[in-house]
Amino acid sequence: MKTKFLIIVSVVALLFFSLSSFNTFLDITDINVQDDLVLKGTYDGHEDYGYNFIYLDGEGEEKTFTFQDVKASVLEKFNLDDEALIKTKFKITYTTTVEKSIDEDGNESEDEINTIIKLEKQ
């Protein structure tokens, strides 16, 4: 009797987990959020795709770093749409989130989203 009960429970559990994972829609399979990171850069303006800052890399070359998102509390303090802030130096505290998703054709993609969580004028 116990054997039949264990077999039935095992089959039900297997069916539940197998069928519950079947999905034909866009599916975010993994989200990876890093700890707070810091970058010192000069504000270079806002575009449709994000907020740009110029920084010096390890070899002393200028690079552009784009932030796709900014916390509302930061935008309350600094209006990054104001062109008067362009060329202002900032210490930027941010997070990077990597979202892995699968489209309806089964293709996997990764999207990196950089979010400013704190700005300090330098």
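What counts as what
Residues numbered from 1 in each chain as written. Predicted model: local features only at pLDDT ≥ 70, side-chain atom pairs only at ≥ 80, totals over all residues. Heavy atoms only, no water. Helix = DSSP H or I, 4+ residues; strand = E, 2+ residues; numbered from the N terminus. Buried < 20%, exposed > 50% of the residue type's maximum accessible area, 1.4 Å probe, protein only. Contact = heavy atoms within 4.5 Å. Areas by Shrake-Rupley, 256 points an atom, 1.4 Å probe, with all protein chains shown as cover. Phe/Tyr/Trp six-rings, centres within 6.5 Å; stacked < 30°, edge-to-face > 60°. pLDDT = per-residue confidence, 0-100. Salt bridge = Lys/Arg side-chain N within 4 Å of Asp/Glu carboxyl O. Core = buried A, V, L, I, M, F, W, Y, C linked by side-chain atoms within 4.5 Å. Pairing = 2+ DSSP bridges.

**Some thoughts on the overall build of the protein**
Thought 1: Along the backbone of the protein there are 2 helices and 7 strands.
Thought 2: Relative to its 122 residues, the protein shows a buried fraction of 25%.
Thought 3: Within the protein, contacts between residues at least 6 apart in sequence are counted, and of these 60% link residues at least 24 apart.
Thought 4: Of the accessible surface of the protein, which amounts to about 9200 Å², a share of 52% is contributed by carbon and sulfur atoms.

**Section: the packing of aromatic side chains**
Thought 1: Taken as a whole, this structure holds 8 aromatic pairs when the rule is applied.
Thought 2: When the centroid spacing of 5.1 Å and the interplanar angle of 55° are considered together, the rings of Tyr-43 and Phe-53 count as tilted. Taken together, the residues span a long stretch of sequence, with Tyr-43 in strand 2 (residues 37–47) and Phe-53 in strand 3 (residues 50–56) at a distance of 10 residues.
Thought 3: For the pair Tyr-55 and Phe-65, a centre-to-centre distance of 6.3 Å together with 75° between the ring planes defines the contact as edge-to-face. Residue Tyr-55 is located in strand 3, and its partner Phe-65 is located in strand 4 (residues 62–67); the two are separated by 10 residues in the primary sequence.
Thought 4: For Phe-65, a relative accessible area of 17% gives the class buried.
Thought 5: Taken together, the aromatic side chains of Tyr-43, Phe-53, Tyr-55, Phe-65, Phe-67, Phe-78, Phe-90 and Tyr-94 make up a single cluster linked through ring pairs.

**Re the environment of Asp-82**
Thought 1: Turning to its location among the elements, Asp-82 is positioned in the loop between helix 2 (72–77) and strand 6 (89–102).
Thought 2: Look at Asp-82 and you get partly exposed, because its relative accessible area is 37%.
Thought 3: C-alpha separation for the pair Asp-82 and Gly-45, spaced 37 residues apart in sequence, amounts to 8.5 Å.

**What about the confidence of the model for the protein?**
Thought 1: For the protein, the average pLDDT comes to 81, and 72% of its residues sit at 70 or higher.
Thought 2: Throughout residues 19–30 the model reports pLDDT below 50, and contacts reaching past four residues in sequence, or to other chains, amount to 17 contacts.

**Brief notes about the pattern of salt bridges**
Thought 1: In this structure the tally under the stated criterion is 2 salt bridges.
Thought 2: For Glu-110, the salt bridge is made with Lys-100, and the minimal N-O distance between the two is 3.7 Å. Placement of the pair is Glu-110 in strand 7 (residues 108–121) and Lys-100 in strand 6, with a sequence separation of 10 residues.
Thought 3: You can call Glu-110 exposed: its relative accessible area is 51%.
Thought 4: In this structure, Lys-118 and Glu-120 form a salt bridge, with 3.7 Å as the shortest nitrogen-oxygen distance.

**Let's talk about the nonpolar core**
Thought 1: Residues Phe-53, Phe-67, Leu-80, Phe-90, Ile-92, Ile-116 and Leu-119 are the most contacted members of the largest nonpolar core, which totals 16 residues.
Thought 2: Examining the composition of this core, we find that 3 residues originate from one element, strand 6, more than from any other.
Thought 3: When near neighbours in sequence (up to four residues on either side) are disregarded, Phe-53 contacts Gly-41, Thr-42, Tyr-43, Asp-44, Lys-63, Thr-64, Phe-65, Phe-67, Phe-90, Ile-92, Ile-116 and Leu-119.

**Some thoughts on the pairing of strand 3**
Thought 1: Of all 7 residues that make up strand 3, 5 are buried, and the element is covered over most of its length.
Thought 2: Here 5 bridges tie strand 2 to strand 3, and the two strands are oriented antiparallel to one another. Paired with Tyr-43 across the two strands is Phe-53, which belongs to strand 3.
Thought 3: Hairpin geometry of strand 2 and strand 3 is characterised by an intervening segment of 2 residues between the two adjacent antiparallel strands.
Thought 4: Both strand 3 and strand 4 contribute to a ladder of 6 bridges, which runs antiparallel. Note on strand 4: the bridge partner recorded for Asn-52 is Thr-66.
Thought 5: In sequence, strand 3 turns back onto strand 4 through a hairpin of 5 residues, with Gly-60 there showing a positive phi of about 80°.

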